[in-house]
Amino acid sequence: MADAARSTDRLEALDITRKLAAICGTPFARFAGPADEVAGRTARWVAVPGGPHAAAEVLRLAAAHDLTVVPRGAGTKIDWGAAPAQVDIMLDTGRLAGVWHEPRDAAVAEIGAGTPLRAVQATLARTNRRLPVDAPSPGATLGGVLAADESGPLRHRHGSPCAQLVGVRYLDADGELVSVGESGTEALGRATPGSGGGRASGRGPAGDGGGGAGSGPACAADGFGWGVGDPAGGAGGDPGRGGGDAILGRGEVPGLDVARLLCGSQGGLGVLVSATMRVHAVPAGRLWVSRPVWTPLEVHDLVRAVLAAGVDPAAVELDLPVPVPLPRRRIPPTHPSVVNRPDHPAVTGRPAAGSLVVLLEGGPADVTERAERLTAVLGAEAIVSHHAPEWWGRYPFAPGDTALRIEVPINDLHAAVYALRDATGGPVPVRGSAGSGTVHAALSGALPPERVASILTAVRSVLIARRGRCVVVAAPAAVRRAVDLWGELPTLPRLRSAKAHLDPHHRLAPGRLPGGL
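Moving on, we come to the overall build of the chain. A count of helices and strands for the chain gives 13 helices and 20 strands. Here the chain holds 517 residues, and the buried ones make up 55% of them. Within the chain, residue pairs in contact and separated by at least 24 positions form 72% of the contacts whose partners lie at least 6 positions apart. Approximately 20,400 Å² of the chain is accessible, and the part contributed by carbon and sulfur atoms is 56%.

See the structure below:
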């Protein structure tokens, strides 16, 4: 009996493989290998569809055979968040790529989900444009960045990647192509008639059509990349977070609030096909103004001073590494940035606990003038550079670490860092956007799960009264299984409603969302 069952399973597996090959092409459908994992959960098949229609057929095949599907871009964040309950088909978006032609002065560009962010920026640079998106993950695709709502330093001025989204095409769990907001050079919202954000017929990024009927409810959710409103609070807050008003249905484009639920959903609510994003002119001038810092409280005071200085920073970044007894590279006393300042730490070699760095962008003359005003605010230890520091736009954690993301109003960021230090019993590497209250921290991967759990409990108890949160971004398997990755989730009921409507059979990345959704 058991042999007969195994034989039936093998025949069914071969049948599904053949069907995937017929949809995607023989070279682009296969049984999964050891490297095809999602947070430690191995897939059964890998499918690489060549266009939106093929991707839709993969989802319809999965629905017909009651199989689960997890999208994958470059895989740079495939181990972030919770492990899915099951991965039958890993849908690789690598062939859903391209930056579609727009007028040279267009304020938007339609981009395939599988396009590497680096390639997007190189293509736009030919017309002196860029996406104001600088996600730290090397090699990340646009779809992966949106699926994690991953932000870099430019978030301070431009908001999260979700804030740059003005149109989207995605596939729902049944394989229907949904098109909302702006697509290419279409007028904003023209692709979505009515006010319900329903499915609208339209072209895919490779000229494919789509259609269907129905609509999803606009609801706030608190998934992997979704915030709980605006933890940055008032001054210095992030005006473009991918949560709150946009998801609650108060967005400017009918249906786009629903589509923005995909931001941070880790593929658990839909499969992104393409996104239409805002683009901006490449700034003619860029300067980084840095100052050494020693304590979180000092950072607090300096950030307040920077935001009150009226210099319009593009980014305000903090790096607080664990101090190590290594000599710092010194700058010669004759260097223009430190001339007549012999006591500057860069000259004396006096170690600093970290750095606060402010990016200024704009016209060359204007940037220079603002940099001069900022150095007057930051004091004699400030240095102006034409180049970013080595750590700029990088995470403080490494593979194998327990990576944390802390979101808190900027006035309470120092309290969060002190709480993390107290709970851990020593300095912890912290890096991120001090100007918007979102930073990342790294705990050693050698810490036992129960120790990590106690640290999280202590930090979250401090943050909860400050409208902040601490999320486990990535962790060793033992830690991921043992701890609460998300903490308190006030919007979990609304997320559950969204999952029930958009993926009622839990076929898309089941278990990746909070609450095991």
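Take L256: it is sitting in helix 6 (residues 256-259). Taking C-alpha positions, L256 is 9.2 Å from S179, a pair spaced 77 residues apart along the chain. When residues no more than four places from it in sequence are discounted, the contact partners of L256 are L165, V166, G167 and V180.

Across the chain, the average pLDDT comes to 82, with 78% of residues at 70 or higher. Contacts for the low-pLDDT stretch residues 184-251, under 50 throughout, to residues beyond four places or in other chains number 199 contacts.

In total, this model carries five aromatic pairs according to the counting rule given. Seen in terms of ring centroids, W288 and W392 are 6.2 Å apart; in terms of plane orientation they differ by 90°. Their pairing is edge-to-face. With W288 in strand 13 (residues 285-293) and W392 in the loop between strand 16 (383-385) and strand 17 (402-407), this residue pair connects regions lying 104 residues apart in the sequence. Take W288 and W392: they sit in the same class, and that class is buried. Relative to F397, the ring of Y395 has its centre 4.8 Å away and its plane inclined at 15°; by these criteria the two rings are stacked. You can call Y395 buried: its relative accessible area is 16%. The rings of W80, Y395 and F397 are connected pair by pair, giving a single aromatic cluster. The cationic tip of R95 hangs over the ring face of F28; the distance from NZ or CZ to the ring centre is 3.7 Å.

This paragraph deals with the pairing of strand 7 (residues 108-112). In terms of burial, strand 7 is a largely internal element, five of the five residues being buried. Neither face of strand 7 is open: one carries V108, E110 and G112, the other A109 and I111, and all of them are buried. Relative to strand 11 (residues 271-278), strand 7 runs antiparallel, the two being bridged by five bridges. Looking at the pairing, I111 lines up with A275 of strand 11.

This paragraph deals with the sheet that holds strand 18 (residues 430-433). Taken together, eight strands build an open sheet; the order of strands is 16-13-15-14-18-19-17-20 and the sheet is antiparallel. Edge positions in the sheet fall to strand 16 and strand 20 (469-474), since each of these pairs with one other strand and no more. Each adjacent strand pair in this sheet contributes to an overall mean axis angle of 20°, direction not counted. Pairing between strand 17 and strand 20: five bridges, direction antiparallel. Counterpart to A403 in the pairing with strand 20 is A474. Strands in contact with helix 7 (residues 296-308) are strand 13, strand 14 (315-320) and strand 15 (354-362); relative to strand 13, the strand with the most contacts, it is inclined by about 145°. Contacts from helix 10 (residues 413-424) reach strand 14, strand 17, strand 18 and strand 19 (438-443), with the element oriented near 10° to strand 19.

Before going further, it helps to spend a moment on unusual backbone geometry. Even without glycine at this site, D149 takes up a positive phi of about 45°. Summarising the element assignment, D149 is placed in the loop between helix 4 (142-148) and helix 5 (155-158). Its relative accessible area of 5% is what places D149 among the buried residues. Of note in this structure, H506 is not a glycine but carries a positive phi near 55°. By the secondary structure assignment, H506 is in the segment after helix 13 (492-502).

About the criteria used
Residues numbered from 1 in each chain as written. Predicted model: local features only at pLDDT ≥ 70, side-chain atom pairs only at ≥ 80, totals over all residues. Heavy atoms only, no water. Helix = DSSP H or I, 4+ residues; strand = E, 2+ residues; numbered from the N terminus. Buried < 20%, exposed > 50% of the residue type's maximum accessible area, 1.4 Å probe, protein only. Contact = heavy atoms within 4.5 Å. Areas by Shrake-Rupley, 256 points an atom, 1.4 Å probe, with all protein chains shown as cover. pLDDT = per-residue confidence, 0-100. Phe/Tyr/Trp six-rings, centres within 6.5 Å; stacked < 30°, edge-to-face > 60°. Lys NZ or Arg CZ within 6 Å of the ring centre and 35° of its normal. Pairing = 2+ DSSP bridges. Axes fitted to C-alpha atoms, helices over the stretch in contact; angles between N-to-C directions.

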